[in-house]
Amino acid sequence: TEYLDGPAIGSLRVSVIIPALNEEEMIGKCLASLVGSCFPSKAFEVILVDNGSTDRTLEIAQSFSTQLQLTIQQAPGLNISGLRNLGAAAARGHILAFLDADCSVPANWVENAVLNLASESAGVIGGNIDIPDDSSWVARIWFKVGYAPKDGEVIYVPSGNMLMRKSTFLQIGGFNERIKTSEDCELCSRARGAGFTVREISGMAVIHWRTPQTLLEFYRREAWHGEHVARVFFENMRAMTNFRAVAFAVYMLTCCAGALIGGVLAVFSRQYVSLGIAVGGMFAGPFFCSIRKMRFVHGKKFWLNLIPLTLVHMAWGFARARSLMSFQIFHPRAAALKNGK
């Protein structure tokens, strides 16, 4: 193709945009993986957008300046969407590759991006988030069984491994800077609304070194991720973005409220039916979600994974129920004033 052969190879094709904040433990792994790319180093640039790091992130990044076409921008105070938009505005490549600082890419990641985005109508592409080899059962059950890598059209791809042509990015308006989480779902929803496809490519998976390894870590991550999930849904209900996630959060929140009321009735009136129904609902919802996720898994593997996946779905549901109650969802203007925006 014109992207890989002939004189065009010497020109800049891809801009890899990496937002970072105090990533001294991870940024070296991330940039080293890009150094190991099989794509010519002169054909892609790396833009690190730093959010005000106070550790050795910038020092470590600078050490790669002789191996990569590296630009460092400093932008303290912006949210993750603002950092990515700032990097995109400075990008010289006609392909934008958004990558998280705690991820490592395979050697053919940039090359695959160029091949899969050759057409102007290619839309948004990305890969799954892979896990380190020594990961716990929590990470394995969620990312290898519940959310196994796919090939083909999907609802969204994660913004830590999201790629598109710059013309596509500009046409759909970039990332929404009014939200700090679920920005990937919201952008992909607008992309689909504009007629673009959103595709996951299993060969473009990246390793996420900070994959949650315990139920508590997983709960905390999902509680943070869910902060603006409901807001994205309610701001454009016709698009149905995040509908299933919000519906499940409402379901789990209802079960929690029912358990609280049932507990009071059990203590003071010795009526246990309400408590039993609510607690049963806490298990039933995650249980059926797990069955649905493993509908193509059969035999021994299905039964070995059903209960562990149900437990992780419960943690996910409780985390998203907590997020549903956050002040930022229901009072975005007040929250913006509180944050000085």
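Report on the accompanying structure. (Residues numbered from 1 in each chain as written. Predicted model: local features only at pLDDT ≥ 70, side-chain atom pairs only at ≥ 80, totals over all residues. Heavy atoms only, no water.)

A cluster of nonpolar side chains, namely Trp137, Leu215, Ile307 and Leu311, defines an oily patch on the protein surface of about 350 Å² accessible area. With respect to the helices and strands, Leu311 occurs in helix H12 (residues 300-324). Take Leu311: its relative accessible area is 37%, and that puts it in the partly exposed class. (Patch = residues over 30% accessible without salt bridge, like charges linked within 9 Å, V, L, I, M, F, W, Y side chains within 5 Å. Areas by Shrake-Rupley, 256 points an atom, 1.4 Å probe, with all protein chains shown as cover. Salt bridge = Lys/Arg side-chain N within 4 Å of Asp/Glu carboxyl O. Helix = DSSP H or I, 4+ residues; strand = E, 2+ residues; numbered from the N terminus. Buried < 20%, exposed > 50% of the residue type's maximum accessible area, 1.4 Å probe, protein only.)

With respect to the helices, strands and loops of the structure, Pro19 is situated in strand E1 (residues 14-20). Note on Pro19: relative accessible area 7%, which makes it buried. Each C-alpha atom of the pair Pro19 and Leu83 lies 5.9 Å from the other, and the pair is 64 residues apart in sequence. Apart from the residues within four sequence positions on either side, Pro19 is in contact with Val49, Ile80, Leu83, Arg84, Leu99, Asp100 and Ala101. (Contact = heavy atoms within 4.5 Å.)

Counting 62 residues, the largest nonpolar core has Val16, Ile18, Leu34, Leu99 and Trp109 as its most contacted members. Among the elements that line this core, the one with the most residues is H12, at eight residues. Setting aside residues up to four positions removed in sequence, Ile18 forms contacts with Ile27, Cys30, Leu31, Leu34, Val46, Ile47, Leu48, Val49, Leu99, Asp100 and Ala101. Counting residues in hydrophobic clusters, the runner-up holds 22 residues, among them Leu83, Leu96, Val154 and Ile172. (Core = buried A, V, L, I, M, F, W, Y, C linked by side-chain atoms within 4.5 Å.)

To continue, consider the sheet that holds strand E8 (residues 152-153). Strand order across the open sheet formed by eight strands is E3-E2-E1-E4-E9-E6-E10-E8, with mixed pairing between neighbours. The sheet is open, and its two borders are formed by strand E3 (69-74) and E8, each paired with just one other strand. As paired elements, strand E2 (residues 44-50) and E3 share six bridges and run parallel to each other. Bridge pairing in E3 places Leu48 opposite Ile72. Here helix H4 (residues 109-116) sits on the sheet in contact with E1, E2, strand E4 (95-99), strand E6 (124-126), strand E9 (161-165) and strand E10 (198-200), set at roughly 140° to E4. (Pairing = 2+ DSSP bridges. Axes fitted to C-alpha atoms, helices over the stretch in contact; angles between N-to-C directions.)

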